Amino acid sequence: MDQYRDFAFIYDELMDDVDYDRWVEYIEEIIKSEGAEVQNILELACGTGNLTIPLTKKGYDIAGIDISAEMLEVAMEKAEEEGVQLVLLQQDIAELDFDVPNLDCILCACDGFNYLTYDDDLEYVFSKAHELLKEDGIFIFDISSYYKLSKVLGNNTFAEKREDVVYMWQNYFDPEEDLVEMELTFFVKNEDGTFDRFDEVHQQRAYETEDILEKLADAGFRDIKAYGDFAFEKPKKDSERVFFVGRK
Ligand SMILES: C[S@@+](CC[C@H](N)C(=O)[O-])C[C@H]1O[C@@H](n2cnc3c(N)ncnc32)[C@H](O)[C@@H]1O
């Protein structure tokens, strides 16, 4: 499936309304509230490094993994521009192959796990994360909620007209499979004023919070928590983002 290929080069522009500073702050608040000792972090589905770079600047030692060579290329370019050194690996996290043990923290932000559409793949990455963490290590991730994928995004069309990019985003939710298929069409302006069109199809799985909590427990995690929308409270029915925390 063609995901995050040409899209990678305009991803940051289209995500310019996302408050990544607040995201980093919230992750640090979770670490603090857990009393976890974190120096090194393995970040799964790190994309263009929107969390990887600021967390590196804060002094954490991070390795980032993503399946998209293009997203990693953008991350590397940004890191070079900002004078930050990143360790990035191109891998499918459904087959996560990382053998540095005793990690302090494993992180996966902004839908990485929604892209794992099979139970087996999610269960594998959870048990691998558990294996890689040190005793007492912390696993932090967030996903788009079942509510968001089925009701807000699902069976809806979005469009936006910007100066340099015009895009359309048509979504179809399949309640039998809990899958949302997103058809994205982009028109990106060239220097001569013409537009190039490209298309991508993304598939995300909608997971119920209870299902994730059960899978985390099955993988061996303890003190598991689910928080809604950047707060320290249980997710509400209409929370769009659910954060999960588990300790080894
Ligand atoms: C919405 S982006 C989030 C990127 C980044 N975490 C952020 O917050 O900006 C989702 C990322 O998941 C990555 N991804 C999707 N499926 C993956 C897989 N099976 N293995 C590794 N990365 C994957 C995509 O390439 C993309 O970079």
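Conventions adopted
Residues numbered from 1 in each chain as written. Predicted model: local features only at pLDDT ≥ 70, side-chain atom pairs only at ≥ 80, totals over all residues. Heavy atoms only, no water. Helix = DSSP H or I, 4+ residues; strand = E, 2+ residues; numbered from the N terminus. Rg over C-alpha atoms; globule rule 2.2 N^0.38 Å. Buried < 20%, exposed > 50% of the residue type's maximum accessible area, 1.4 Å probe, protein only. Contact = heavy atoms within 4.5 Å. Areas by Shrake-Rupley, 256 points an atom, 1.4 Å probe, with all protein chains shown as cover. Lys, Arg positive; Asp, Glu negative; His and termini not counted. Charge placed at Lys NZ, Arg CZ, Asp CG, Glu CD. Patch = residues over 30% accessible without salt bridge, like charges linked within 9 Å, V, L, I, M, F, W, Y side chains within 5 Å. Salt bridge = Lys/Arg side-chain N within 4 Å of Asp/Glu carboxyl O. Polar contact = N/O pair within 3.5 Å; in protein donor to acceptor, adjacent residues only side chain to side chain. UniProt positions renumbered as here; feature names shortened; annotations may be inferred. Near = heavy atom within 4 Å. 1 Å grid on protein atoms, 1.4 Å probe; cavity = no way out; pocket = protein on both sides within 12 Å on 5 of 7 lines; lining within 4 Å. Sits in = over half its atoms within 2 Å of the grid points. Nonpolar A, V, L, I, M, F, W, Y, C, P; charged D, E, K, R; others polar. Pairing = 2+ DSSP bridges. Axes fitted to C-alpha atoms, helices over the stretch in contact; angles between N-to-C directions.

Caption draft 1: Geometry of the overall build of the protein. A tally of regular secondary structure across the protein gives seven helices and eleven strands. Its C-alpha atoms give the protein a radius of gyration of 18 Å, within 12% of the compact-globule value 18 Å for 248 residues. Principal-axis analysis of the C-alpha atoms places the extent of the protein at approximately 55 × 45 × 30 Å. Looking at the protein as a whole, 51% of its 248 residues are labelled buried. Across the protein, every contact between residues at least 6 apart in sequence was considered, and the portion connecting residues at least 24 apart equals 65%. For the protein, the exposed area adds up to about 12300 Å²; of that, 45% sits on carbon and sulfur atoms. Considering the protein, the positive charge centre built from 24 side chains and the negative charge centre built from 60 side chains are found 6 Å apart.

Caption draft 2: Focus on a negative patch on the surface. A surface patch of negative charge is lined by Asp 6, Glu 191, Asp 192 and Asp 196. Within the secondary structure, Asp 196 sits in strand β9 (residues 195-205).

Caption draft 3: Fine view of the side chain of Asp 66. Structurally, the position occupied by Asp 66 is in strand β2 (residues 61-66). It turns out Asp 66 is buried and unbridged, and the closest side chain with the opposite charge, Arg 5, is 11 Å from it. At 3.4 Å, the side chain of Asp 66 and the backbone nitrogen of Cys 46 are in polar contact. Separated by 2.9 Å, the side chain of Asp 66 and the backbone nitrogen of Ser 68 make a polar contact. In contact with Asp 66, other than residues within four places in its own chain, are Ala 45, Cys 46, Gly 47, Met 71, Leu 72, Leu 89, Gln 90 and Gln 91.

Caption draft 4: Local environment of the UniProt feature "domain: Methyltransferase" (unreviewed entry) in the protein. When the UniProt feature table is mapped onto this chain, "domain: Methyltransferase" (unreviewed entry) is found at residues 41-137. Structurally, residues 41-137 is divided into 34% helix and 26% strand, and its ends, taken at the C-alpha atoms, are 10 Å apart.

Caption draft 5: Here's a closer look at the site of the ligand. Taken together, 18 residues lie near the ligand, and Tyr 20, Ala 45, Asp 66, Asp 92 and Ile 93 sit nearest. Between an oxygen atom of the ligand and a side-chain N or O atom of Asp 66, the distance comes to 2.6 Å. For the ligand, whose unbound accessible area comes to 600 Å², protein coverage reaches 96%. If you map the ligand onto the pockets, it falls in the largest pocket. Looking at side-chain class alone, the shell around the ligand contains twelve nonpolar, four polar and two charged residues.

Caption draft 6: Spatial organisation of the sheet that holds strand β7 (residues 165-174). An order of β6-β7-β8-β9 is seen for the four strands of this open sheet, with the pairing classed as antiparallel. At either margin of the open sheet sits one strand with a lone partner, and together these are β6 (157-161) and β9. The sheet shows a mean angle of 10 degrees between the axes of neighbouring strands, direction not considered. Both β6 and β7 contribute to a ladder of five bridges, which runs antiparallel. When the sheet's bridge partners are listed, Phe 158 is paired in β7 with Trp 169. Running over the sheet, helix α6 (residues 146-153) touches β6, β7, β8 (179-189) and β9 and is turned about 110 degrees from β7.

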